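# Structure at a glance
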Amino acid sequence: MRYRDLELQDRLAAEYVVGTLHGRARRRFERLMLEFPTLCEAVHGWERQLNAVAAGLPERQPPRRVWRRIRARIQPERRGLMDWLGWPAATATATAAAAVLAVFLVVSVPTAPPESYVAIIAEDATTPLWTVTADPETGELNISAVGTVAAPEGKALELWLMPPASGEKPRSLGLLPEQGSRSVALPVDAARAGGAALAVSVEPPGGSPTGQPTGSVVYQARFVTPRSG
Amino acid sequence: MDPERVQERNEELVRLLHLTARGDQQAFARLYELTSPTLFAVCLRMLVRREWAEEALQEAYVKVWHKAGDYNASRGNVLTWLVSIARYLAIDVRRARGRRPEAPLSDEDMGRITDDDAGPMEQFLAQDDAAALQRCLDELSDTQRQTITLAFFQGLTHHELSSRLKRPLGTVKSWIRRGLEGLKQCLQG
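Quick summary incoming for the structure in this document. Not measured: the values here are computed from a predicted model.

### Points about the overall build of chain B
If you tally the helices and strands in chain B, you get eight helices and zero strands. Element order for chain B, N to C, with α for helix and β for strand: α-α-α-α-α-α-α-α. Looking at the 189 residues of chain B, the share that counts as buried comes to 52%.

The structure is reproduced here in structure tokens:
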């Protein structure tokens, strides 16, 4: 094949655009386009002429899931739970307060596995109440009381996962232990890109009767990695 | 059909594409909103099966996201460039997925592309271009016109066209070749 022959180039270009050039010949042609600018020009010329036909088709609305998949694909590479926990947003938020807590963490939290995430629910920078450790591998949260934390008289303290997207509802992670620790599985369908936070609300004994927070939010926390700050 | 509005719409798309090239996801979302109904129509035409069409559409826009900086005026207007991406991907999806369900012949397959009840995107075509293409398609013989548009819209290979139209391979190839030559001469003339 003499690719320098402009007429041949033009014919092949047309067949490439139309689609009748296929298989190995098509792949070969694509490689040749990188080598011969005149081939590219010929292809572009045919595209300009013929694609108008396709552009004139009556529109068809694609389902929303296609956009969601596109959006997920163009986000930077993230592992499921890590990205839900707000990494790198969490690691990037190295504010002074987080730095103080992180220092505190190093001192008082038992060594967490390297790739886990920790949130400290605290009264203030020097008074942690619970540590919540998330394990991306197992999708489990471990909630540990620092010492003993009593709920207000006649009330219970309930832990909520606050979703990153507005319009989504908080998910209950159950009541906070007054001492010791307990584990809970992260709701699988709560996984979303972007930062998620924890909140604690004051509820009737046994927790919220409605499945959503009913009392005031008394504490909030965000996940960070032990190495941040 | 106002050429000024066509121009405005293209300028908007160019602007969105430039922002997309700089990583602006909101601009990209808007670009998707404006153009995906046309590209989805193209993918559906070519692939028939919705799952395949959705797959091709997804791949097309991921490619647009990464290659937004490649667009320039030699590719025609933005929609022409987007249609290229979608069509070539649909061709690839088709090859990867194997046998495609046969679609009934449509007006487009018969070479009738302009229509008095044109869809919204038809205004995107400068009136002149679409009319010129239709006129030139009309000048071809029925068989030339039909094989070209069938190939274009249904992504059929020479072999598939041959078995679909029940004609020898050589005949089909020659219809396409002559038809494209005829189109080219007419469009240039």
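### Digging into the state of the cysteines
All names here are of chain B. If you walk through the whole model with that rule in mind, you get one disulfide over all chains. Across the disulfide from Cys 136 sits Cys 186; the S-S distance is 1.9 Å. Here the disulfide of Cys 136 and Cys 186 is left-handed, its torsion about the S-S bond being about -75°. One end of the pair, Cys 136, is in helix α5 (residues 127–139); the other, Cys 186, is in helix α8 (residues 169–188), and 50 residues separate them in sequence. Comparing Cys 136 with Cys 186 shows no difference in burial state: the two are buried.

### With respect to the interface of chain B and chain A
Across the boundary between the two partners, chain B contributes 54 residues, which contact 41 residues of chain A. Summed over both sides, the interface between chain B and chain A buries roughly 4,600 Å², with carbon and sulfur atoms accounting for 63% of that surface. On the surface where chain B and chain A come into contact, there are six salt bridges. At the junction of chain B with chain A, the criterion picks out 16 residue pairs in polar contact (both at pLDDT 80 or more). Counting residues per element, the ones that place at least two in the side of chain B that touches chain A are α2 (25–47), α3 (50–67), α4 (78–97), α6 (142–154), α7 (158–165) and α8 of chain B. When residues of the side of chain B that touches chain A are assigned to their parent elements, the largest contribution, 13 residues, is made by α2 of chain B. Partitioning the side of chain B that touches chain A into residue classes produces 32 nonpolar, ten polar and twelve charged.

What counts, and at which threshold
- Residues numbered from 1 in each chain as written.
- Chains lettered and ligands numbered in written order.
- Predicted model: local features only at pLDDT ≥ 70, side-chain atom pairs only at ≥ 80, totals over all residues.
- Heavy atoms only, no water.
- Helix = DSSP H or I, 4+ residues; strand = E, 2+ residues; numbered from the N terminus.
- Buried < 20%, exposed > 50% of the residue type's maximum accessible area, 1.4 Å probe, protein only.
- Disulfide = S-S within 2.5 Å.
- Contact = heavy atoms within 4.5 Å.
- Buried area = accessible area lost by both parts, 1.4 Å probe.
- Salt bridge = Lys/Arg side-chain N within 4 Å of Asp/Glu carboxyl O.
- Polar contact = N/O pair within 3.5 Å; in protein donor to acceptor, adjacent residues only side chain to side chain.
- Nonpolar A, V, L, I, M, F, W, Y, C, P; charged D, E, K, R; others polar.

Distances and angles like these do not, on their own, reveal function.
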